[in-house]
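Coordinate inspection notes
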Amino acid sequence: REGENICFEVMQNALPAMGNSGKRQNVLRAKFSSLAPPDIWKAMENLGVPNEDESLAVDARQELDLKVGVAFTRFQTRFFQGKYGDLDSALVSYGPCQTPTLQFCVKRYDDIQTFQPETFYRLDVVVSLKRGEGASDSEASLEWERQRVFDMQVAAVFRDIVSSGGAPLVVEDVSSAREKRVKPRPLNTVELLKAASTSLGMGPHHAMQVAERLYLSGYITYPRTETSKYPDNFDLNSVVKTQSSHPIWGSFVRSELLANGLSKPRTDGTDVGDHPPITPVKIATESELGGDGWRVYELVTRNFLASVSPDCVFVKKKVKLTVNGEKFSLSGRKLESPGFTAVLKSGEMQDIYVPDLQKGDRLAPVRISITNHKTSPPSLLSESDLLSLMERHGIGTDASMPSHINNICERNFVQVIAGRKLEPTRLGVALVHGFYTVDPELVLPTVRSTIEQQVDLIAKGKVEKDLVLAHSLKMFRDKFVFFRDNVSRMDSLFESTFTTLAQTGSSLSRCGKCRRYMAYIDKRPVRLYCRHCSETYAMPQGGAIKQYKEFKCPLDDFELVLFSQKGGKTIPICPLCYNQPPFAGSTKTTCWDCAHPSCKHAVAQQGVLGCPSEHCDGTLCLDLVSGPNWKLDCNVCNFQLKCFQKAHKVQVSSEGCDECGAKMLQVNFHKASTPLKDGSTDREACIVCDPIFNELAEYSFAKGKIHRSGGGGRGRGRGR
C-alpha cells in the first residue's frame with residue numbers, strides 16, 4: 001500500500017507539469033522487488049494501473065495517527081514536564097500503535113512483579129550407561145513420570161518407595177521413531193527482524209536500516225514484505241545457482257541442492273500479494289560488505305538456502321523403566337540426515353546417547369535423591385517476542401513495527417537489557433498504569449485492530465476514506481476530552497513515582513525577575529526552573545549546560561549560561577531570550593543569533609566573517625572560552641575554524657578589514673612561542689587576508705573531520 005501512496009504523491013506533483021500529456025489515464029506503475037536488471041525489465045513489461053483505494057487507506061492511517069498522536073503527546077508532555085523534573089524523556093509521547101506496543105512490555109513486567117513462586121520437588125534418579133569397549137561409562141538422569149510434587153513429605157514417600165529393598169529399574173518398553181525437524185518458512189519482514197534480534201543481537205530498527213541498504217545496493221530483494229510463501233512462478237533455481245560459487249556455502253549448494261535437486265519449500269506460509277519473500281539477489285562476501293551488512297546478508301542467504309533444503313531427519317529413542325511401581329523414562333536421539341541444519345547456523349542438532357536396551361533389562365540406580373526447585377516467572381519480552389505480539393494483534397505494519405519499538409526505547413519508556421530483553425522504565429510503567437486508570441482502551445491493542453480493519457475496507461474500496469476518518473477522529477476526540485478532564489488520576493501515579501520540579505535539580509544561574517538561583521534539571525529534557533517564579537526555561541538538548549562567569553543579559557538581567565556540544569562549539573545563551581526571543585522573526589535565540597548592537601556576547605560583537613561552508617548563510621563567531629585552542633564557530637551549521645593554537649588571548653576588534661569586510665582579530669601570543677618573526681607578541685589583523693594569521697588557521701567540522709588548511713594571500717595587519 002505504501003508503494004501505491006508514493007505513486008500517487010509523485011502523480012500529484014508531476015502531472016500538473018506535464019501539460020496535455022499529464023492525464024491520469026496515461027500513468028502506469030511498475031512493481032518490482034529487487035534491483036536486478038531482469039526484475040526491472042520484467043516489471044516494465046508488466047505495467048499496471050495505480051490503485052487509488054490502497055493509497056487512500058495509507059492517507060487515512062497517516063492522518064489519523066498524526067492528529068491523535070500530536071494531540072495526546074502535546075498535552076501530556078506539557079502537563080507532566082511542567083510538574084516533574086526526573087522524567088528523563090524529551091517527549092512524553094502517545095501513538096495509536098506506539099502506546100499499545102509499550103503496553104505489551106508493561107503487561108509482561110506486571111506479570112513478573114505479581115508472580116508468587118512456589119517450591120516444588122523432583123525425584124532425581126541417576127543411572128550408569130555403558131558405552132561399550134574403549135569408551136568410558138556415563139551417567140544419565142531419568143525423567144520421572146509424575147514430574148514434580150509440591151509437598152516435601154510426599155516426595156520423601158516416593159523416594160522411599162523407589163529405593164526400597166535396593167530394587168533395580170526394569171526396562172518395560174523400548175521404542176524408536178523417525179522424526180523430522182521441518183525446514184524454515186521463506187523469510188518475511190517480521191521473521192527477518194526476529195531472527196536479527198535473536199541470532200545477531202541486532203535491534204529491529206537497525207536491522208531494517210541495514211536490510212534497506214543491502215536492497216538499494218542490489219544484494220537482496222525488497223525487505224518490507226508480509227509474504228512468507230514463494231509464488232508459484234518464483235524462479236528458485238536461478239537464485240540458488242547464484243550462490244554456487246560462494247566460498248562459504250557454495251560447496252553445500254553444489255553437492256546438496258543442485259546435485260540432488262531442490263526440496264519443495266513449505267506451503268503453510270501466507271501470500272498477501274505485496275512482494276515475494278526476502279532472498280539474496282547476487283553473491284557477496286564479508287570483505288565486500290563488512291560488519292552488520294554482511295551479518296544480515298548471511299542471515300538472509302542461509303535462511304533462503306535452508307528453505308529449499310530437505311528437512312532434518314533423526315531417530316528418537318525412548319526407554320520406559322519401572323521400579324516398585326514408579327515409572328521413569330530415558331530419551332535420546334541420533335541424527336540421520338542434517339538436511340537444512342547443515343547450512344542454517346542456528347539449526348545444528350547434537351546426538352543424545354541411549355544404549356541398546358531390551359525389554360526386561362535391569363539398571364541399578366547410582367543414586368536417588370530429592371531436589372527442590374521454585375516455579376519461575378515469565379521472562380521479560382524480547383524484541384522477537386514483541387514483534388510476534390504486534391503481528392498477532394495487528395499493531396503497525398511490517399514497515400512501521402521497527403519504528404514503534406525504536407520509539408519506545410528512544411523516549412525512555414523501555415530499555416534494552418542483556419539478551420535483547422525489553423525492561424520498562426519507571427516512566428513507561430507509570431504511563432501505562434495511568435492510562436489504565438483513565439481509559440484502558442487507549443493502551444489496549446483492540447482499538448488499533450479495529451481501526452486497521454476499517455482501513456482495510458478503504459483499501460478494498462468498500463468504504464469511503466472520509467467516513468472512516470470522521471468516525472475514528474470523533475472517537476479519539478471524545479477519548480481525548482475525557483483523558484484531559486481526568487488526567488489527575490494518572491497524575492496521582494506520577495506523584496508517587498517522580499520528583500516535582502521544585503525538589504529537583506541543582507542551583508546554576510540567577511533568574512532575571514526574582515534574582516534567585518534557578519535549578520538546573522539535567523534529566524531529559526534539560527531545562528532551568530525557577531522555584532520562586534514557578535517558570536521553566538527550555539535549554540538546547542544534546543550537550544552540557546554550565547554557568548558563564550555570572551555575565552548578565554543587558555535586555556532582561558538573566559545570568560548567561562554556556563551550552564557545550566561534545567567535540568563541538570560552546571555558545572552563550574540567555575535563558576529568557578532563548579525561550580522568548582526579543583526580536584521579531586527569530587526563534588530560540590542564542591547570544592550568537594541576537595541582534596543586540598552593543599552586547600559583548602551578541603553576534604554584532606563576536607561575529608568575525610561569513611561562514612565559508614557551501615549553502616550556509618551563518619556567521620563565524622569567536623568562541624571566547626575555547627582558549628588556548630582557539631576557534632571560530634558558525635552560529636548556524638557545524639563548521640569550525642581552528643586558529644591561534646596556544647595563543648594567550650584572542651579578541652574581536654571593532655575594526656573591519658578594508659579588503660574583505662571581515663572583523664579584525666587582536667591576538668596576544670606567549671613570548672616563548674610567538675609565531676611572529678620579529679619576536680613581538682601582539683598583532684591585530686584579518687584572519688582571511690593576513691598571510692601570518694591565515695597560516696595559523698585551518699578548516700574543520702565539529703565532528704572532527706579536517707576539511708582543508710588555510711592558505712596564503714595578501715593582507716594587512718599590524719603588530720607590536
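Quick caveat: nothing in here was measured; it's all calculated off a predicted structure.

Scoring rules and cut-offs
- Residues numbered from 1 in each chain as written.
- Predicted model: local features only at pLDDT ≥ 70, side-chain atom pairs only at ≥ 80, totals over all residues.
- Heavy atoms only, no water.
- Pairing = 2+ DSSP bridges.
- Helix = DSSP H or I, 4+ residues; strand = E, 2+ residues; numbered from the N terminus.
- Axes fitted to C-alpha atoms, helices over the stretch in contact; angles between N-to-C directions.
- Expected span 1.5 Å × (residues − 1).
- Buried < 20%, exposed > 50% of the residue type's maximum accessible area, 1.4 Å probe, protein only.
- Arc of directions from axis to C-beta.
- Contact = heavy atoms within 4.5 Å.
- pLDDT = per-residue confidence, 0-100.
- 1 Å grid on protein atoms, 1.4 Å probe; cavity = no way out; pocket = protein on both sides within 12 Å on 5 of 7 lines; lining within 4 Å.
- Points joined across faces, edges and corners; volume = space filled by probe spheres on them.
- Nonpolar A, V, L, I, M, F, W, Y, C, P; charged D, E, K, R; others polar.
- Patch = residues over 30% accessible without salt bridge, like charges linked within 9 Å, V, L, I, M, F, W, Y side chains within 5 Å.
- Areas by Shrake-Rupley, 256 points an atom, 1.4 Å probe, with all protein chains shown as cover.
- Salt bridge = Lys/Arg side-chain N within 4 Å of Asp/Glu carboxyl O.
- Lys, Arg positive; Asp, Glu negative; His and termini not counted.
- Charge placed at Lys NZ, Arg CZ, Asp CG, Glu CD.
- Phe/Tyr/Trp six-rings, centres within 6.5 Å; stacked < 30°, edge-to-face > 60°.

**Describing the sheet that holds strand β13 (residues 527–530)**
With antiparallel pairing, the four strands of this open sheet are ordered in space as β11-β12-β13-β14. The outermost strands of the open sheet, each flanked by one partner alone, are β11 (506–510) and β14 (535–538). Each strand axis lies, on average, 35° off the axis of its neighbour in the sheet, ignoring direction. Where β11 and strand β12 (residues 517–521) come together, three bridges link them in antiparallel fashion. Looking across to β12, one finds that R510 is bridged to Y517.

**Topic: helix α1 (residues 2–14)**
Look at α1: 18 Å from first C-alpha to last across 13 residues, which is about the 18 Å you get at 1.5 Å a residue. Regarding α1, the residues found buried are E4, N5, C7, F8 and M11. What you see down the axis of α1 is that its buried residues fit within an arc of 155°, all on one side. Residues of α1 that are exposed and angled more than 90 degrees away from the buried face: I6, V10 and N13. Buried residues along α1 sit against α3 (52–81).

**So, the confidence of the model for the protein chain**
Overall, the prediction assigns the protein chain a mean pLDDT of 88, with 95% of residues at 70 or greater. Every residue in residues 700–720 is under pLDDT 50, and counting partners more than four places away or in other chains gives 59 contacts.

**Regarding empty space enclosed by the protein**
Using the criterion set out here, one finds three cavities of 30 Å³ or more in the structure. Put simply, the largest cavity is a space of about 70 Å³. For the lining of the largest cavity, the residue count by class is eight nonpolar, three polar and no charged.

**Notes on the sheet that holds strand β6 (residues 326–337)**
Taking strand neighbours across the sheet as the criterion, the five strands line up as β3-β6-β5-β4-β7 in an open arrangement whose pairing is antiparallel. The open sheet has two edge strands, β3 (143–144) and β7 (362–363), and neither has a second partner. Direction of pairing for strand β4 (residues 169–181) relative to strand β5 (residues 312–323): antiparallel, over a ladder of 11 bridges. Among the inter-strand pairings, E179 is bridged to a residue of β5, identified as F314. Against the sheet, helix α5 (residues 152–163) engages β3, β5 and β6, with an angle of about 80° to β6.

**Side note on a negative patch on the surface**
On the surface, E226, D232, D271, D274 and E391 cluster together into a patch of negative charge. With respect to the helices and strands, E391 occurs in helix α12 (residues 383–393).

**As for the packing of aromatic side chains**
Applying the stated criterion across every chain yields a total of 25 aromatic pairs. Summarising the aromatic geometry, the rings of F644 and F669 are spaced 6.4 Å apart at their centres and angled 70° between planes, so their arrangement reads as edge-to-face. In this pair, F644 sits in strand β21 (residues 639–645) while F669 sits in the loop between β23 (663–668) and β24 (682–685), placing the two residues 25 residues apart along the sequence. Note on F669: relative accessible area 6%, which makes it buried. Of the aromatic side chains, those joined through ring pairs into one cluster are F72, F75, F79, F80, Y84, Y94, F435, F480, F483, F494 and F498.

**Topic: the pairing of β6**
As paired strands, β3 and β6 are joined by two bridges and run antiparallel to one another. Of the residues in β6, the one forming a bridge with W144 is F328. In this sheet, β6 lies alongside β5 in antiparallel orientation, the contact comprising 11 bridges. Note on β6: the bridge partner recorded for V315 is K334. The hairpin turn running from β5 into β6, its antiparallel successor, is two residues long, and N324 in that turn takes a positive phi close to 50°.

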